[in-house]
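Observations on the model geometry
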Amino acid sequence: MSRPKVRNPQSTIRNPKMWGGRMAKPLDPTALAFSTSIHQDIRLLPYDVRASSAWAEALQRAHVLTQSETARILRALKKIGRYPPPPEELSAHEDVHSYVESRLRRMIGDAADKLHTGRSRNDQVLTDVALYVRESSTRIVDKLRGLARIFLDRASREKKNPMPGFTHMQPAQVVTLGAHLLAYAEMILRDLGRVRILLQPHDACPLGCGAIGGTTIPVDRFFLAQRLGFSRPTAAAMDTISSRDLVTDYVYALTITLTHLSRFSEEIILWSNPFFGFVRLPDDFSTGSSLMPQKRNPDLSELTRGRAARAIAALTGLLALQKGLPLTYNRDLQEDKIYLFDTVDLLDAALDVHLKMVPKLEFVRSRMREACAEGFMEATDLAEYLALRGLPFRQAHEVVGRIVADLDRRGRRLRDLTPKDLQSYNKLFGPDAVELLTAETSPKRKRTYGSVAPAEVGRRIMRLRMMRIY
Ligand code: ARG
């Protein structure tokens, strides 16, 4: 008994022939609206076109397409890639893959129907995403390199300029602005390396894994990998189809960078507060208040800090998305792109802002130097001075602790001490001990590898520059 043929309007409008044979009715419009992803994944269009072109060539080599069919498909795909659809046309399609297919059919007719032989949207979307990640990561690594260079250049110029260093957000030791900025350069350089290292194992082409376990069509996956610029095809189809490790690793790497930018933002927010007064934001990167005429607000830094929260949410979202999924493809996985694109966009924009803003930050060196006089930050140096003269450190700590307590009670500072005062606390204090009590001395006297000493900071900057990180 043959079933009556029901015309499926979906087959000509919304889901042209994707599964027109199986269902007697088209997808309910509400159901379609719920499941569509075209508004997000349309940005995969150039990659979908590239992957589809490689697939057409592979099908020709497998004798599924003739030479002239392949040529027609390739020509049409090129055009489709060149003219992205107007937004109002998007809603008629479920996703970028069905959009490309339906346009292709409209352009070249039946030959288009052959293109989907042996492939599934499951391996297609993975291939598109892998290409997107590769391209966006190259751009992001370039921006990171630029930002590292900015931090290193500024660090180099500020390596002798003292500023208060904090632990627990309390005055700790005098450091230099150069050492502080070098710390951010180090973070960014690590971020840059992390993107590369985490993506390296994913340099493999998913295309040809089909819906779950490969295809009976003899396509050459090594050819596909080479054509699309991957070093090899992925090794196990079921793992490939179900895995979103690439997206997760990438979002993780980007989220760390956003976390670093967020920490820097926090410093800028504090430092630009007049009670600190360590930095003046450039006019074109400050915002005012509609009510309070005196205001100069660090909104860009606050937004960076706020958006880092979104990246962290994306990373946890991605992990939560995957944790309960049995092999292999589950439609839940469609949601990965929302997290991926959001994180890439956030970081791209935050890096653009910092690439322009950081070179223009006006550090107020005099204010930083002044601030070094407060908070008894030379105390450790005094204790170490005694330790170097043979007093056990715990005892030296106590001597200096007493000095600080006395001064604190009298509202005086360490640099108010005379050699005689120091001697009265401990005979090991020589007349040279007061020389420790200036802002410049402390960083300069540091002796260890990696310390804040201007010579060490300079050596490290030179080393990083020699490593050709930029
Ligand atoms: N839009 C889908 C996604 O991103 C494409 C794959 C759809 N596959 C499927 N079997 N429905 O996951």
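Residues numbered from 1 in each chain as written. Predicted model: local features only at pLDDT ≥ 70, side-chain atom pairs only at ≥ 80, totals over all residues. Heavy atoms only, no water.

To continue, consider the overall build of the protein chain. Within the protein chain, the secondary structure is distributed over 20 helices and 4 strands. For 470 residues, the compact-globule estimate of 2.2 N^0.38 gives 23 Å, and the C-alpha radius of gyration of the protein chain, at 31 Å, exceeds that figure by more than 25%. Its C-alpha atoms give the protein chain principal-axis dimensions of roughly 110 × 55 × 40 Å. Within the protein chain, the fraction of its 470 residues that count as buried is 49%. In the protein chain, of all internal contacts separated by at least 6 residues, the share reaching a separation of at least 24 is 74%. Summed over all atoms, the accessible surface of the protein chain reaches about 23,700 Å², with 55% contributed by carbon and sulfur. Each charge class in the protein chain was averaged separately, 71 positive and 53 negative side chains, and the resulting centres sit 3 Å apart. (Helix = DSSP H or I, 4+ residues; strand = E, 2+ residues; numbered from the N terminus. Rg over C-alpha atoms; globule rule 2.2 N^0.38 Å. Buried < 20%, exposed > 50% of the residue type's maximum accessible area, 1.4 Å probe, protein only. Contact = heavy atoms within 4.5 Å. Areas by Shrake-Rupley, 256 points an atom, 1.4 Å probe, with all protein chains shown as cover. Lys, Arg positive; Asp, Glu negative; His and termini not counted. Charge placed at Lys NZ, Arg CZ, Asp CG, Glu CD.)

Time to look at the packing of aromatic side chains. Applying the stated criterion to the full structure yields 10 aromatic pairs. Geometrically, the ring pair formed by Tyr184 and Phe264 is edge-to-face, given 5.0 Å between the ring centres and 70° between the ring planes. One end of the pair, Tyr184, is in helix H9 (residues 177–199); the other, Phe264, is in helix H12 (residues 245–272), with 80 residues separating them in the sequence. Under the relative-accessibility criterion, Tyr184 is labelled buried at 5%. The class of Phe264 is buried, set by a relative accessible area of 2%. By way of ring pairs, the aromatic residues Phe166, Trp271, Phe276, Phe278 and Phe363 are connected into one cluster. Stacked on the ring of Phe341, the Lys or Arg Arg43 has its end atom at 4.4 Å from the ring centre. Sitting over the face of the ring of Phe230, Arg134 holds its NZ or CZ atom 4.9 Å from the ring centroid. (Phe/Tyr/Trp six-rings, centres within 6.5 Å; stacked < 30°, edge-to-face > 60°. Lys NZ or Arg CZ within 6 Å of the ring centre and 35° of its normal.)

Attention now moves to the site of the ligand. All residues adjacent to the ligand are Ser37, Asp95, His97, Arg121, Asn122, Val125, Tyr329, Gln334 and Lys337. Taking Asn122, its side chain carries an N or O atom lying 2.9 Å from a nitrogen atom of the ligand. The contact in question runs from an oxygen atom of the ligand to an N or O atom on the side chain of Lys337, over 2.6 Å. It is helix H8 (residues 121–157) that provides the largest number of residues to the shell around the ligand, a total of 3 residues. Considering only residue class, the shell around the ligand consists of 2 nonpolar, 4 polar and 3 charged. (Near = heavy atom within 4 Å. Polar contact = N/O pair within 3.5 Å; in protein donor to acceptor, adjacent residues only side chain to side chain. Nonpolar A, V, L, I, M, F, W, Y, C, P; charged D, E, K, R; others polar.)

Looking at the element boundaries, Pro233 is found in the loop between helix H10 (221–227) and helix H11 (237–242). For the pair Pro233 and Pro206, spaced 27 residues apart in sequence, the C-alpha to C-alpha distance is 6.2 Å.

We now examine a positive patch on the surface. Residues Arg72, Arg75, Lys78, Lys79 and Arg82 make up a contiguous surface patch of positive charge. On the basis of relative accessible area, Arg72 is assigned to the partly exposed category, the value being 35%. (Patch = residues over 30% accessible without salt bridge, like charges linked within 9 Å, V, L, I, M, F, W, Y side chains within 5 Å. Salt bridge = Lys/Arg side-chain N within 4 Å of Asp/Glu carboxyl O.)

The next subject is the nonpolar core. Core analysis: the largest hydrophobic core is formed by 104 residues, its most contacted members being Leu104, Phe151, Tyr250, Trp271, Leu340 and Leu361. At 15 residues, the largest contribution of residues to this core is made by H8. Excluding residues that lie within four positions of it along the chain, Trp271 makes contacts with Met163, Leu177, His180, Phe276, Gly277, Phe278, Val279, Phe363 and Met368. In terms of nonpolar packing, the next biggest core, distinct from the first, is built from 20 residues, Tyr385, Val399, Leu414 and Leu436 among them. (Core = buried A, V, L, I, M, F, W, Y, C linked by side-chain atoms within 4.5 Å.)

In this section: the packing of helix H16 (residues 379–388) against helix H17 (residues 393–410). Two elements in contact, H16 and H17, have axes whose closest approach is 8 Å; the angle formed by their N-to-C orientations is 140°. Taken together, the axes of H16 and H17 are oblique relative to one another. Of the two elements, H16 crosses H17, and the hand of that crossing is right-handed. Residues Ala379, Leu382, Ala383, Glu384, Leu386 and Ala387 of H16 form the contact with H17, whose own contacting residues are Phe393, Ala396, His397, Val399, Val400 and Val404. Looking at the contact of H16 with H17 residue by residue, the classes come out as 10 nonpolar, 1 polar and 1 charged. (Axes fitted to C-alpha atoms, helices over the stretch in contact; angles between N-to-C directions. Parallel < 35°, antiparallel > 145°, perpendicular 65-115°, else oblique. Left-handed = near helix turned anticlockwise from the far one by under 90°.)

What follows is about the pairing of strand S2 (residues 170–176). Along any regular strand, the residues point their side chains to alternate faces of the sheet. Strand direction decides the pairing type here: strand S1 (residues 162–167) and S2, joined by 6 bridges, are antiparallel. Within S2, the residue paired with Gly165 across the bridge is Gln173. With antiparallel pairing between neighbouring strands as the criterion, S1 and S2 make up a hairpin whose turn holds 2 residues, including His168 at a positive phi of roughly 55°. (Pairing = 2+ DSSP bridges.)

Predicted confidence across the protein chain gives a mean pLDDT of 94, with 96% of residues reaching 70 or more. In this model, residues 1–16 is a region of pLDDT below 50 whose contacts with residues beyond four sequence positions or in other chains number 25 contacts. (pLDDT = per-residue confidence, 0-100.)

There is a patch of nonpolar side chains on the surface, built from Ile212, Met238 and Leu327 and spanning about 300 Å² of accessible area. You can see Leu327 is positioned in the loop between helix H13 (299–323) and helix H14 (336–357). Classification of Leu327 by relative accessible area gives exposed; the value is 60%.

Here we take up the pattern of salt bridges. Going through the model one piece at a time under the given rule, you end up with 33 salt bridges. Measuring nitrogen to oxygen at the nearest pair gives 3.5 Å for the salt bridge that ties Glu378 to Arg415. You can see Glu378 sitting in the loop between helix H15 (365–371) and H16 and its partner Arg415 sitting in the loop between H17 and helix H18 (419–425), a full 37 residues away along the chain. The class of Glu378 is buried, set by a relative accessible area of 1%. By relative accessible area, which is 29% here, Arg415 ends up partly exposed. Several salt bridges converge on common partners, so that one network encompasses Glu94, Asp95, Arg121 and Arg331.

Approximately 380 Å³ is the volume attributed to the largest pocket. Lining of the largest pocket is provided by 20 residues; of these, His202, Thr234, Thr240, Ser243 and Leu246 occupy positions nearest its centre. If you list the elements that add at least two residues to the lining of the largest pocket, you get H8, H11 and H12. (1 Å grid on protein atoms, 1.4 Å probe; cavity = no way out; pocket = protein on both sides within 12 Å on 5 of 7 lines; lining within 4 Å. Points joined across faces, edges and corners; volume = space filled by probe spheres on them.)

As for its position among the elements, Lys114 is in helix H7 (residues 111–114). Here Lys114 is in contact with Leu59, Val64, Leu65 and Glu69, once residues within four sequence places are set aside. A distance of 2.9 Å separates polar atoms of two side chains, one belonging to Lys114 and the other to Glu69.

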